[in-house]
Amino acid sequence: MWIDITQTMKKGMPNWPGDTPFSFEIAYTKQQTGSVNIGKIETSLHTGTHADAPFHFDNNGPTIDQLDVNTFIGDCLVIDCRPHSIISAAFLQAIDFQGVQRILLKTVDRISDCFPQHIPIIDAEVAALLKERGVFLLGVDNPSVDSLTSKEVQAHHALYAHQIQIIEGLDLSCIEPGLYDFIALPLKIEGADGAPVRAVIRKK
Ligand SMILES: [Zn+2]
């Protein structure tokens, strides 16, 4: 059975301060068109559950439509990081990844209704360890792989330097650590710095 680990996109959902909030409305009603309701959305591409394209933090990086879909479909390992405020390479070093190339970090019990004040920091050295283990996708259950106030976004750059793609804003509240099948395909938006994904997992 597939389990949905996507945040529902809705008005008032947690949003980066100052960034474009999510909104959905029926632009043309069935009454107006005589046949169908037609909705429209406006949103930051970094609201809710989404993939970052390297272009988000590097002007020369690939955009979301240029990323390989195979990155976003396959085995994944969910790792419980909840006691940790810093996720270090030493902590991950001790974990057997079982040859899996997609790693999801569970850092909170549940996704808050409000944008968080603090999130765990992922040590920049983690990227090299993940690369060494053959990992090419890192997913987290908070809004960023860097601290919320970081301007250097070191973890983003380190991950990109090691060819590791990023998914943020997963909802892992119902998910136990372990091995799963995983699908989280970003919308194919030409030139975009990121895109919403519908993320689902299934116990192996
Ligand atoms: Zn993002």
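Residues numbered from 1 in each chain as written. Predicted model: local features only at pLDDT ≥ 70, side-chain atom pairs only at ≥ 80, totals over all residues. Heavy atoms only, no water.

Novice: What am I meant to see in the coordination of the zinc ion here?
Specialist: Octahedral metal centres with six donors ideally show angles of 90 or 180 degrees, and tetrahedral centres with four donors ideally show 109.5 degrees. Of the protein atoms, only His46 (ND1), His50 (NE2), Asp52 (OD) and Glu168 (OE) coordinate the zinc ion, at distances of 2.0 to 2.3 Å. Taken together, the four donor atoms surrounding the zinc ion define angles of 79 to 174° at the centre, an arrangement classified as irregular. Written as a sequence motif, the donor residues of the zinc ion are H-x3-H-x1-D-x115-E. A single burial state applies to His50 and to Asp52, both of which are buried. (Donors = N, O, S within 2.8 Å, 3.2 Å for Na, K, Ca; no water. Tetrahedral: all angles 85-135°; square planar, octahedral: opposite > 155°, others 65-115°. Buried < 20%, exposed > 50% of the residue type's maximum accessible area, 1.4 Å probe, protein only.)

Novice: Which parts of the structure should I look at to understand the environment of Gly74?
Specialist: Along the chain, the position of Gly74 falls in strand S5 (residues 73-80). Sequence separation of Gly74 and Asp181 is 107 residues, and the distance between their C-alpha atoms is 5.5 Å. Not counting the four nearest positions on each side in its chain, Gly74 is found in contact with Arg102, Tyr180, Asp181 and Phe182. (Helix = DSSP H or I, 4+ residues; strand = E, 2+ residues; numbered from the N terminus. Contact = heavy atoms within 4.5 Å.)

Novice: Honestly, the pattern of salt bridges in this entry has me stumped. Any pointers?
Specialist: A side chain with one charge can pair with a side chain of the opposite charge if their charged atoms come near. Under the counting rule described, the total for this entry stands at seven salt bridges. For Arg202, the salt bridge identified is with Asp181, shortest N-O distance 3.3 Å. In this pair, Arg202 sits in strand S12 (residues 194-203) while Asp181 sits in strand S11 (residues 178-186), placing the two residues 21 residues apart along the sequence. The exposure class assigned to Arg202 is partly exposed, which follows from its relative accessible area of 32%. Overlapping salt bridges bring together Asp75, Asp181, Arg202 and Lys204 as one network. (Salt bridge = Lys/Arg side-chain N within 4 Å of Asp/Glu carboxyl O.)

Novice: Please clarify how empty space enclosed by the protein should be interpreted in this entry.
Specialist: Regions of empty space are outlined by a rolling probe, equal in size to a water molecule, passed over the atoms. Tallied over the full model, the rule gives one cavity of 30 Å³ or more. Computed from the structure, the largest cavity encloses a volume of approximately 30 Å³. Partitioned by chemical class, the residues of the lining of the largest cavity number six nonpolar, one polar and one charged. (1 Å grid on protein atoms, 1.4 Å probe; cavity = no way out; pocket = protein on both sides within 12 Å on 5 of 7 lines; lining within 4 Å. Points joined across faces, edges and corners; volume = space filled by probe spheres on them. Nonpolar A, V, L, I, M, F, W, Y, C, P; charged D, E, K, R; others polar.)

Novice: Looking at this structure, I do not really get the nonpolar core. What am I missing?
Specialist: Across soluble globular proteins, nonpolar side chains have a tendency to be buried as a group. Ranked by internal contacts, the top residues of the largest apolar core, which has 27 residues, are Ile79, Leu92, Ile103, Leu105, Leu130 and Leu138. At the level of secondary structure, the elements contributing two or more residues to this core comprise S5, helix H2 (89-93), strand S7 (102-106), helix H3 (126-132), strand S9 (137-140) and helix H4 (154-161). The dominant element in this core, judged by the number of residues it contributes, is H3, at four residues. For Leu105, the contacting residues outside a window of four places in its chain are Ile79, Cys81, Ile87, Leu92, Ile122, Leu138, Gly139, Val140, Asp141 and Leu172. One finds Leu104, Leu172, Phe182 and Ala199 within the second-largest nonpolar core, a separate group that totals 23 residues. (Core = buried A, V, L, I, M, F, W, Y, C linked by side-chain atoms within 4.5 Å.)

Novice: So what exactly am I meant to see when it comes to the side chain of Thr49 here?
Specialist: By the element assignment, Thr49 lies in the loop between strand S3 (38-42) and strand S4 (50-52). Look at Thr49 and you get buried, because its relative accessible area is 3%. Separated by 2.7 Å, the side chain of Thr49 and the backbone oxygen of Gly169 make a polar contact. The residues contacting Thr49, other than those within four sequence positions of it, are Ile5, Thr6, Gln7, Glu168, Gly169, Leu170, Pro196, Val197 and Ala199. (Polar contact = N/O pair within 3.5 Å; in protein donor to acceptor, adjacent residues only side chain to side chain.)

Novice: Just to check I follow, could you spell out the UniProt feature "binding site: Zn(2+) 1" (unreviewed entry) in the protein for this structure?
Specialist: Mapped onto this numbering, the UniProt entry annotates "binding site: Zn(2+) 1" (unreviewed entry) at His46, His50, Asp52 and Glu168. A maximum C-alpha distance of 8.1 Å among these annotated residues, which run over 123 residues, shows that they cluster at one spot. Within this annotated set, the largest cavity is lined by Asp52. Positionally, Asp52 belongs in strand S4. Classification of Asp52 as buried rests on a relative accessible area of 1%. (UniProt positions renumbered as here; feature names shortened; annotations may be inferred.)

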